[in-house]
Amino acid sequence: MSTNDLLKAFFDRQKELLEKERKAEVDRNALLVSACSPKLLESRGLALTGLGVVEISIGLGGKSLIELERPSAYHSTPLFPPHTFRPGDLARIDDYASLQSSRGKKSSIKAAKRADSDISAMEGVVYKVTDTRIVIAVDPVDGRDDLDIPEKCILLKLANSITFDRMDSAISSLEATILHTNTDEKARARPPIRRTTLVDVLLGISTPSPPKTLESFTFYDQSLNDSQREAVRFCLEASEVALIHGPPGTGKTHTLVEVIRHLIRQDNRVLVCGASNLAVDNLLERLIPYDIHLTRIGHPARVLASLHNSTLDSQASKSEESALANDVKAEIEDAMKILAGKGKNRPRGAERKKLWEEIRELRKEYRKREGNIVKRALGKAQIVFATCHSSGGRQLQHARFDVVIIDEATQALEAVCWIPILKGQKLILAGDPLQLPPTIMSMTSSNASPKVKTTSTSKAKAVAKHTESARSMALRPSESLEVTLFDRLEAMLGPSVKRMLTVQYRMHSIIAEFPSITLYSSKLISHESVASHLLKDLPGVSDDENLNADVLDVPIVFYDTSGCEFYERVEDEGGKGNDEGSRSNENEAVIIQRWVEMLVKAGVSSSQIAVITPYQAQVTLLTSMLSNTMHELEIGTVDGMQGREKEAVVLSLVRSNDKREVGFLSEKRRLNVAMTRPRRHLCVVGDSSTVAQGSDYLKHWMEWLETNADVRFGGELIS
């Protein structure tokens with residue numbers, strides 16, 4: 001059982017790791033802002049320059065919504081250049097002229113951090129983005145009411161601390177409840193949390209209660225296979241916690257839908273969360289056809305358009321009480337328009353102060369009415385959907401649920417999972433710990449620089465070391481943020497807490513064979529509906545026998561460039577060889593271009609093909625070569641394809657060098673994601689003599705490809 005000392009060490013370590021991660025993100029942002037001119041920041045997608053205000057209105061929570069555009073006075077086109085601003089991002093509106101002139105002086109990270117806290121700059125959250133306009137939501141409760149926005153401004157993307165604040169709050173509240181340590185005023189101000197049996201089990205304070213046997217049980221979906229049925233029953237019978245291990249293509253979402261439907265039938269109120277908006281929306285989309293009251297929490301701009309009627313915003317706007325709130329909102333907006341006036345029409349002095357006082361009172365009334373509307377809308381919901389992060393928002397501040405479900409839990413930090421967990425009495429986690437873990441910017445060892453990622457070897461060691469330690473004690477501080485709650489519970493509570501789905505419905509049996517043998521103990525079985533499907537079975541493809549034999553009739557092709565001297569190129573500045581998306585391989589790119597052209601010529605649609613690689617530099621190169629002629633072809637990193645699938649996948653390994661270094665490829669989980677994306681066809685392009693030296697796992701893969709793939713000489717497609 002966990003002692004107070006172990007619990008204290010666990011909480012301290014979580015907070016330490018989170019602080020390092022926060023610092024890494026802030027430092028990276030500050031370095032860019034301090035070192036780059038506004039135009040350079042814009043070229044990197046981190047700023048939008050020369051903006052003007054279109055309108056100021058009032059949004060949910062009484063926030064001021066500031067709509068910005070590119071005025072014709074400063075720009076030849078109203079279209080924004082490529083950028084990285086997305087709804088939910090933290091941003092700052094600043095005076096373009098003053099910021100541009102300050103770049104003529106020496107600046108530093110410290111100066112940039114001071115600028116971030118300067119109240120003369122207005123900070124807010126990106127609310128909505130279109131091709132020509134961007135809306136920033138500014139909270140009125142920030143010590144500064146008067147929105148004195150410059151005529152020509154710049155929008156800067158900032159490090160987003162909101163998620164870190166919520167994670168810190170969850171861990172601190174948990175610590176205060178378990179160890180009775182309300183050490184500061186900020187901690188005492190947090191809403192109290194309930195200490196449940198679930199919390200004690202997750203922290204190793206007590207062991208899980210015996211399962212509750214379900215005597216009579218009928219499945220809604222009769223097509224579920226045996227492993228899915230076992231997982232559903234296991235989740236429903238578990239008293240506190242259950243884990244579903246869903247390897248690629250095994251119908252994890254399908255299984256969770258069945259679990260949720262039964263939970264609702266048992267009169268449970270359920271909070272469904274995910275590591276990403278897409279994971280949440282996938283479940284919501286599957287459950288909408290059933291007669292269940294659903295509500296989706298989160299920014300409407302981040303929710304699939306087809307699901308907007310299920311959002312809290314949409315449901316609240318349709319309520320009877322919303323008309324009263326809208327009257328107050330209209331009064332606020334009228335006052336804001338007066339304040340935003342220019343020249344002689346702009347109120348000043350006492351008149352301006354009086355208007356702001358009126359707006360403050362109206363905002364209080366608006367938030368009160370809006371709060372009642374939201375409370376009623378949520379009260380009707382049997383299932384509430386949210387990302388783990390957004391479940392910590394004010395709408396769910398006092399909400400309680402019978403069951404919390406977290407999908408893609410193996411891609412979420414443990415701390416972010418605690419945000420929804422503290423609202424429930426039972427927990428179901430779903431994911432695959434053998435695919436990629438959360439992305440971590442900082443190193444997690446005590447003497448590491450916060451700007452350097454952990455190596456793939458240290459990642460694996462961190463999880464393995466934690467697993468070995470957890471077998472001998474109830475709770476142990478995590479070695480890394482990459483040790484997820486799913487990892488920790490499996491290690492701490494043993495295999496009895498988990499059920500694995502074993503039938504996959506995606507890949508040809510040969511494509512699935514290697515990951516099944518090496519990672520899933522040969523338990524991953526291909527369903528008969530996909531076991532032998534090939535590209536030649538797709539509608540509209542060529543019936544040319546020769547073309548079929550060379551292109552459409554082979555599940556795996558390996559273009560081996562060993563001996564071709566198709567060496568990689570280092571792209572990073574200074575040629576330091578950092579393994580951070582910095583490598584490309586031009587000859588591999590040519591092979592891939594030719595193979596994709598052959599697939600399309602054979603009748604495979606470019607929309608059915610994905611080209612993936614571990615390196616961003618190779619993505620950029622391939623995009624320049626292919627995107628102009630094949631607009632529907634998807635080109636991206638392996639990490640970006642996690643959770644996705646295509647009929648055909650072409651994988652560029654990139655690495656080819658005299659030192660036999662493989663970098664990212666040494667991470668088994670990244671390779672597992674790469675080789676499990678295709679349904680009918682996988683083409684691998686790489687140098688076996690380099691790759692095989694990376695690890696025993698890679699050597700085994702190269703040997704397996706030699707035996708099971710259609711191996712071809714890499715030089716044959718280079719003219």
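Residues numbered from 1 in each chain as written. Predicted model: local features only at pLDDT ≥ 70, side-chain atom pairs only at ≥ 80, totals over all residues. Heavy atoms only, no water.

Things to note about the overall build of the protein
Working step 1: When you go through the protein residue by residue, the secondary structure sums to 23 helices and 23 strands.
Working step 2: The contacts in the protein between residues at least 6 apart in sequence include a share of 76% that link residues at least 24 apart.
Working step 3: Of the accessible surface of the protein, which amounts to about 31,600 Å², a share of 49% is contributed by carbon and sulfur atoms. (Helix = DSSP H or I, 4+ residues; strand = E, 2+ residues; numbered from the N terminus. Contact = heavy atoms within 4.5 Å. Areas by Shrake-Rupley, 256 points an atom, 1.4 Å probe, with all protein chains shown as cover.)

Considering the sheet that holds strand β8 (residues 270–274)
Pairing between sheet strands relies on hydrogen bonds along the backbone, with the strands arranged either parallel or antiparallel.
Working step 1: The sheet built from seven strands is open, its strands ordered β9-β10-β8-β11-β12-β7-β13 with parallel pairing. Each of the sheet's edge strands pairs with one partner strand only, and the pair in question is β9 (294–296) and β13 (498–500). Across the sheet, the axes of successive neighbouring strands diverge by a mean angle of 15°, strand direction being ignored.
Working step 2: With three bridges joining them, β9 and strand β10 (residues 383–387) adopt parallel strand pairing. Each bridged residue has a counterpart across the sheet, and for Leu 294 the counterpart in β10 is Ile 383.
Working step 3: On top of the sheet, helix α9 (residues 252–265) reaches β7 (241–245), β8, β10, β11 (403–407) and β12 (427–431); it is set at about 170° to β11, its chief contact.
Working step 4: Its contacts with the sheet put helix α10 (residues 277–287) on β8, β9, β10 and β11, and the angle it makes with β10 is roughly 160°. (Pairing = 2+ DSSP bridges. Axes fitted to C-alpha atoms, helices over the stretch in contact; angles between N-to-C directions.)

Here's the deal with the environment of Phe 164
Working step 1: Within the fold, Phe 164 resides in helix α5 (residues 162–179).
Working step 2: Using a relative accessible area of 7% as the deciding quantity, one classes Phe 164 as buried.
Working step 3: Phe 164 sits 149 residues away from Lys 15 along the chain, and the two C-alpha atoms are 9.9 Å apart.
Working step 4: Setting aside anything within four residues of it in sequence, one finds Phe 164 in contact with Leu 18, Glu 21, Arg 22 and Glu 25. (Buried < 20%, exposed > 50% of the residue type's maximum accessible area, 1.4 Å probe, protein only.)

Some points on helix α13 (residues 349–380)
Working step 1: If you check α13, its first and last C-alpha atoms are 47 Å apart, about what 32 residues at 1.5 Å a residue would give, namely 46 Å.
Working step 2: Within the span of α13, buried status applies to Arg 352, Leu 355, Trp 356, Ile 359, Leu 362, Arg 363, Tyr 366, Glu 370, Ile 373, Val 374, Ala 377 and Leu 378.
Working step 3: If you follow the buried residues of α13, they end up packed against β1 (47–58), β2 (64–69), β9, α11 (312–317), α12 (322–339) and β10. (Expected span 1.5 Å × (residues − 1).)

Here's the deal with the environment of Thr 637
Working step 1: In this fold, Thr 637 is placed in strand β20 (residues 634–637).
Working step 2: Setting aside chain neighbours within four positions, we find Thr 637 in contact with Ile 612, Thr 613, Gln 616 and Val 619.

Notes on the sheet that holds strand β3 (residues 90–95)
Working step 1: Spatial ordering of the closed barrel is given by β1-β2-β5-β4-β3-β6, a layout of six strands whose pairing is antiparallel. Put simply, the sheet's adjacent strands are angled 50° from each other on average, direction ignored.

Re the pairing of strand β16 (residues 556–560)
Working step 1: For β16, the tally of buried residues reaches five of five residues, placing the bulk of the element in the interior.
Working step 2: The sheet contact formed by β16 and strand β22 (residues 678–686) spans five bridges and is parallel. Paired with Val 557 across the strands is Cys 683, a residue of β22.
Working step 3: Of the strand pairs in this sheet, β16 and strand β23 (residues 710–713) are connected by four bridges, and their pairing is parallel. Each bridged residue has a counterpart across the sheet, and for Val 557 the counterpart in β23 is Asp 710.

Quick look at the confidence of the model for the protein
Working step 1: Residues at a pLDDT of 70 or more form 86% of the protein, whose mean pLDDT is 85.
Working step 2: Predicted confidence is poor over residues 141–145, with pLDDT under 50, and the contacts of this stretch with residues over four places away or in other chains come to nine contacts.
Working step 3: pLDDT under 50 marks residues 573–581. Its contacts with residues more than four places away, or in other chains, come to 16 contacts. (pLDDT = per-residue confidence, 0-100.)

Some thoughts on the pattern of salt bridges
Working step 1: In the structure shown here, the tally under the stated rule is 37 salt bridges.
Working step 2: Measuring nitrogen to oxygen at the nearest pair gives 2.8 Å for the salt bridge that ties Arg 488 to Glu 414. Of this pair, Arg 488 sits in helix α16 (residues 485–493) while Glu 414 sits in helix α14 (residues 414–421), placing them 74 residues apart in sequence. The same class applies to Arg 488 as to Glu 414, namely buried.
Working step 3: Glu 568 serves as the salt-bridge partner of Arg 583, at 2.6 Å between the closest nitrogen and oxygen. One end of the pair, Arg 583, is in strand β18 (residues 583–584); the other, Glu 568, is in the loop between β16 and β17 (569–570), with 15 residues separating them in the sequence.
Working step 4: Classification of Arg 583 as buried rests on a relative accessible area of 5%. (Salt bridge = Lys/Arg side-chain N within 4 Å of Asp/Glu carboxyl O.)

Overview of the side chain of Lys 157
Working step 1: Residue position: Lys 157 is located in strand β6 (residues 153–157).
Working step 2: At 3.0 Å, the side chain of Lys 157 and the backbone oxygen of Thr 84 are in polar contact.
Working step 3: Once you skip the residues sitting within four places of it in the chain, Lys 157 turns out to touch Asn 29, Leu 46, Thr 84, Phe 85, Asp 89 and Leu 90. (Polar contact = N/O pair within 3.5 Å; in protein donor to acceptor, adjacent residues only side chain to side chain.)

Some words on the nonpolar core
Working step 1: Core analysis: the largest hydrophobic core is formed by 57 residues, its most contacted members being Leu 203, Ile 406, Trp 418 and Leu 427.
Working step 2: Per element, the largest residue contribution to this core is seven residues, and it comes from α5.
Working step 3: The residues contacting Leu 427, other than those within four sequence positions of it, are Leu 198, Leu 202, Glu 240, Val 241, Ala 242, Val 404, Ile 406, Ile 421 and Leu 485. (Core = buried A, V, L, I, M, F, W, Y, C linked by side-chain atoms within 4.5 Å.)

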